[in-house]
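What follows is each chain in one-letter form.
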There are 2 protein chains.
Amino acid sequence: MKPSRRRFEAGEYLARQAKTRKSMIDQGIDVLVIADPSNICWLTGYDAWSFYVYQCVVISADSELFWFGRGIDAPSAQITTNLPDDDIIAYPDHYVQSAEVHPTEYLAQILKQRQLDTGVIGGEMDNYYQTYRGMHLLIQCLPDASFTDATALVNWQRAIKSPQEIEYMRRAGSVIEEVYKRVLDVAEPGLRKNDLVAEILHASTRGTPDIYGDYAAIQPLLASGPEAAACHLTWDDTPIENNTGMCLELAGVHNRYHCPVSRTLHFGKPSQKYLDIEAVILDAIDMVQEMFRPGTTCGEVATAFTQHIRKHGYEKDNRCGYSIGLSYPPDWGERTMSLRDIDDTVLEEGMCFHFMPGMWFDDWGFEITESMTVTPEGGLMLSQVPRKLFVK
Amino acid sequence: MKPSRRRFEAGEYLARQAKTRKSMIDQGIDVLVIADPSNICWLTGYDAWSFYVYQCVVISADSELFWFGRGIDAPSAQITTNLPDDDIIAYPDHYVQSAEVHPTEYLAQILKQRQLDTGVIGGEMDNYYQTYRGMHLLIQCLPDASFTDATALVNWQRAIKSPQEIEYMRRAGSVIEEVYKRVLDVAEPGLRKNDLVAEILHASTRGTPDIYGDYAAIQPLLASGPEAAACHLTWDDTPIENNTGMCLELAGVHNRYHCPVSRTLHFGKPSQKYLDIEAVILDAIDMVQEMFRPGTTCGEVATAFTQHIRKHGYEKDNRCGYSIGLSYPPDWGERTMSLRDIDDTVLEEGMCFHFMPGMWFDDWGFEITESMTVTPEGGLMLSQVPRKLFVK
């Protein structure tokens, strides 16, 4: 008997698969080849750091569903999924990171054996884990199939969260609360940035006595002083400077579900520009929370935000949020909905977003962000980190 | 003035670019489009967690070299590279994660403007960060160019490390020594696995007073009891069990350079099977260290290893090591050389490998691994973690 690590009732996985199949049928897709680890996990529960080699889940519109991956990762599939052994298919190790052969060539043989090679095959054509060569070879090896781009088909199925998923995201929210408590306890000028991150990672992995912390799909991002103009820097050992602001973009994670929350921490008395922008952003969060109801569109939220900050003399030329949930590196966004004017997706109850009104200027930056879920009463915050400019 | 985070002398970057250009000319490539963040960093120093959106470095065989990425990441390029502002090219934010437009369509316009669209363009066709759609659109937008697969061209330039790179890897080795000290201090039956990982991440990020710890391209992998049959599981909150072994695959990291080291930690008196395999693996490491000289091939090392363990009744049907160095998620391997029988690459001084003789059975596993660099005197270990089965 294998041990087991399963996070949802078998019925929830079956419902997800059924929903995916319905969408496949609507789009005329007979077979989907899913290489995105977030989609693989959402469909089957599979969870291991094995996505650096080729792996996928194949699901057909009728009844087939199998995991395909490297031999040494088959035990992880046995432990983390409900799949029968016949539907855990391993390729030999000489296919790993080879210039001569590719796992998708082996996959093509399996698809032929299972008679899945003659209809319309959907692939994730714009995904980190489906390379050009892998897809190109799959297409070449299956001349009787026709291929279509199904990049975000499964991602879209994930948009509305189940009650159990929301529960995991709220638990992730409890984890990020612990993280910011720790940050406020230990951060001080002179501390090496890596020593602060060590505390962040310690707190985010411990979580609470009841809620463990999982790894985030994005490492802690933090920058202080003039480097805060750059929003995606990680750390080095430079000491935290006094009399300047530090932007922190962090997430709590539980069972692979994320709750990102950013805050700005100012050491010493903040100058007026920090206080001014704080007021504008806090108002923006209240406004967006109010708008986060079924029926509003992503674009309406983004436009209202833009108008609000413009009134106060600010501009932001990048999206102010995106859909979140279950994720693997390199991104905790779901790569479906974005809060930007051109996105006319209608919000529905159970959707979850990171509202990200971060602003970066020539030599400083400011971030207060919230993760929330859409409800008929407006946005429900997934965590309760004190919402303000932190000053120490 | 922008702040600066530069890890190598400007001359080292120029030498790397020259070496890459020579290889391009040898292979008849006029322009390379490099999307792998490890290759981008190695060529230019660029370092930020921005690879979840499309970005690349374009290098021509003669004199062009520019960074191309999202607008909000241009400041990171200014901070971490020596590139002049004219060679930091940003695309507008509506290209981010859009189903309608793709950053490579914008890139195609830039290549045309810079008259880089008529020769042979090499792309990383089998890389996480070069999707099928991105490459397909680039090819479509540049009808006057011909395209060739240059997947690991830059990775291969990275194979032989400079003295400064070896120094960073040895610093990473000091970091992993601290990590295992912490593991031995705190690990005990009953501790939640996430609490152990919290300590691991704390130690690996603090590093030493002089050497900061950077994030690893792979999260801590650990599995105990029957789950140790699966080599790539991450943690949850199950307590560490007594009277069983736990496999730990961890790395120290400094300035993005990795030193992976695995150990097995047994709680309670180990059964004979652990002691038997320990002796075989320790002998294997001595043997491989002795063979790790210029002139030996990867395949010879792998074959000697296989013969050695087979003599003792063991089989391993997966590669026993791979090239390491500078890396970003999802893999700390360089995806060039593997220690396996079919790889006839000749070892050269300064190459660095993770020798990975991990063995996984039906309901247990065993890992003692070492990272080492090739020298005329044999393999030089990059860290000095006590090499044995740990027992607590």
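Residues numbered from 1 in each chain as written. Chains lettered and ligands numbered in written order. Predicted model: local features only at pLDDT ≥ 70, side-chain atom pairs only at ≥ 80, totals over all residues. Heavy atoms only, no water.

As annotated in an unreviewed UniProt entry, chain A carries the name Ectoine hydrolase and comes from Marinobacterium lutimaris.

Trainee: Quick question: what am I supposed to make of the interface of chain A and chain B here?
Mentor: The partner chain B presents 83 residues to the 83 residues of chain A that form the contact. Summed over both partners, the interface of chain A with chain B buries about 7,100 Å², with 54% contributed by carbon and sulfur atoms. Summed over the three residues of chain A that lose the most area to chain B, namely Arg5(A), Trp49(A) and Tyr132(A), the buried surface amounts to 12% of that side. The interface formed by chain A and chain B holds four salt bridges in total. Residue Arg206(B) is joined to Asp195(A) by a salt bridge in which the shortest nitrogen-to-oxygen separation is 3.9 Å. Of the residues belonging to the side of chain A that touches chain B, the class tally is 37 nonpolar, 21 polar and 25 charged. (Contact = heavy atoms within 4.5 Å. Buried area = accessible area lost by both parts, 1.4 Å probe. Salt bridge = Lys/Arg side-chain N within 4 Å of Asp/Glu carboxyl O. Nonpolar A, V, L, I, M, F, W, Y, C, P; charged D, E, K, R; others polar.)

Trainee: Whenever I open this one, the relation of the copies chain A and chain B confuses me. Can you help?
Mentor: Superposing the two chain copies requires a rotation about an axis and a translation along that axis. When chain A is fitted onto chain B, the two copies agree to an RMSD of 0.0 Å after a turn of 180° and an axial shift of 0.0 Å. Here the copies are linked by what is in effect a two-fold axis. It is Tyr132(A) whose C-alpha, among those of chain A, lies nearest the rotation axis, at 1.9 Å. The fraction of interface residues of chain A whose copies in chain B are also interface residues reaches 100%, indicating that both copies meet through the same surface. (Least-squares fit on C-alpha atoms with pLDDT ≥ 70 in both.)

Trainee: I keep staring at helix H4 (residues 103-113) of chain A and nothing clicks. Help me out?
Mentor: Within an α-helix, residues lying three or four positions from one another point in the same direction, as the helix has 3.6 residues per turn. All names here are of chain A. Listed as buried for H4 are Pro103, Thr104, Tyr106, Leu107, Ala108, Ile110 and Leu111. Against the buried residues of H4 lie strand S1 (31-34), strand S2 (56-60), strand S3 (65-70), strand S4 (88-91) and helix H5 (132-141). Directly beyond the C-terminal end of H4, a positive phi value near 55° is found at Gln115. (Buried < 20%, exposed > 50% of the residue type's maximum accessible area, 1.4 Å probe, protein only. Helix = DSSP H or I, 4+ residues; strand = E, 2+ residues; numbered from the N terminus.)

Trainee: Explain the UniProt feature "domain: Peptidase M24" (unreviewed entry) in chain A to me, please; I cannot follow it from the model alone.
Mentor: Cross-referencing UniProt, the feature "domain: Peptidase M24" (unreviewed entry) maps to residues 167-375 of chain A in the present numbering. Helix makes up 33% of residues 167-375 of chain A and strand 23%, whereas the separation of the span's terminal C-alpha atoms amounts to 14 Å. (UniProt positions renumbered as here; feature names shortened; annotations may be inferred.)

Trainee: What is the right way to read the packing of helix H9 (residues 272-291) of chain A against helix H10 (residues 298-311) of chain A from this model?
Mentor: Each pair of packed helices gets described by two things: the angle between the helix axes and the distance between those axes. Residue and element names in this part refer to chain A. Axis separation between H9 and H10 bottoms out at 10 Å; the angle between their running directions is 155°. When the interaxial angle is binned, H9 and H10 end up roughly antiparallel. Remark: the crossing between H9 and H10 carries right-handed chirality. Judged by residue contacts, Val280, Ile281, Asp283, Ala284, Met287, Val288 and Met291 of H9 engage Glu300, Val301, Ala304, Phe305, His308 and Ile309 from H10. Looking at side-chain class alone, the contact of H9 with H10 contains ten nonpolar, one polar and two charged residues. (Axes fitted to C-alpha atoms, helices over the stretch in contact; angles between N-to-C directions. Parallel < 35°, antiparallel > 145°, perpendicular 65-115°, else oblique. Left-handed = near helix turned anticlockwise from the far one by under 90°.)

Trainee: Teacher, can you tell me more about the UniProt feature "domain: Creatinase N-terminal" (unreviewed entry) in chain A here?
Mentor: Summarizing the sequence annotation, UniProt attributes the feature "domain: Creatinase N-terminal" (unreviewed entry) to residues 16-160 of chain A in the numbering used throughout. Taken as a whole, residues 16-160 of chain A contains 36% helix and 19% strand, while its terminal C-alpha atoms sit 11 Å from one another.

Trainee: Would you explain the side chain of Gln130(B) in this entry?
Mentor: When you line up the elements, Gln130(B) lands in the loop between strand S5 (120-123) and helix H5 (132-141). The buried category is assigned to Gln130(B), whose relative accessible area is 1%. Among the polar contacts listed, one links the side chain of Gln130(B) to the side chain of Tyr54(B), at a separation of 3.1 Å. Sequence-distant contacts of Gln130(B), defined by excluding residues within four places in its chain, comprise Thr131(A), Tyr132(A), Val33(B), Ala35(B), Tyr54(B), Thr104(B), Glu124(B) and Met135(B). (Polar contact = N/O pair within 3.5 Å; in protein donor to acceptor, adjacent residues only side chain to side chain.)

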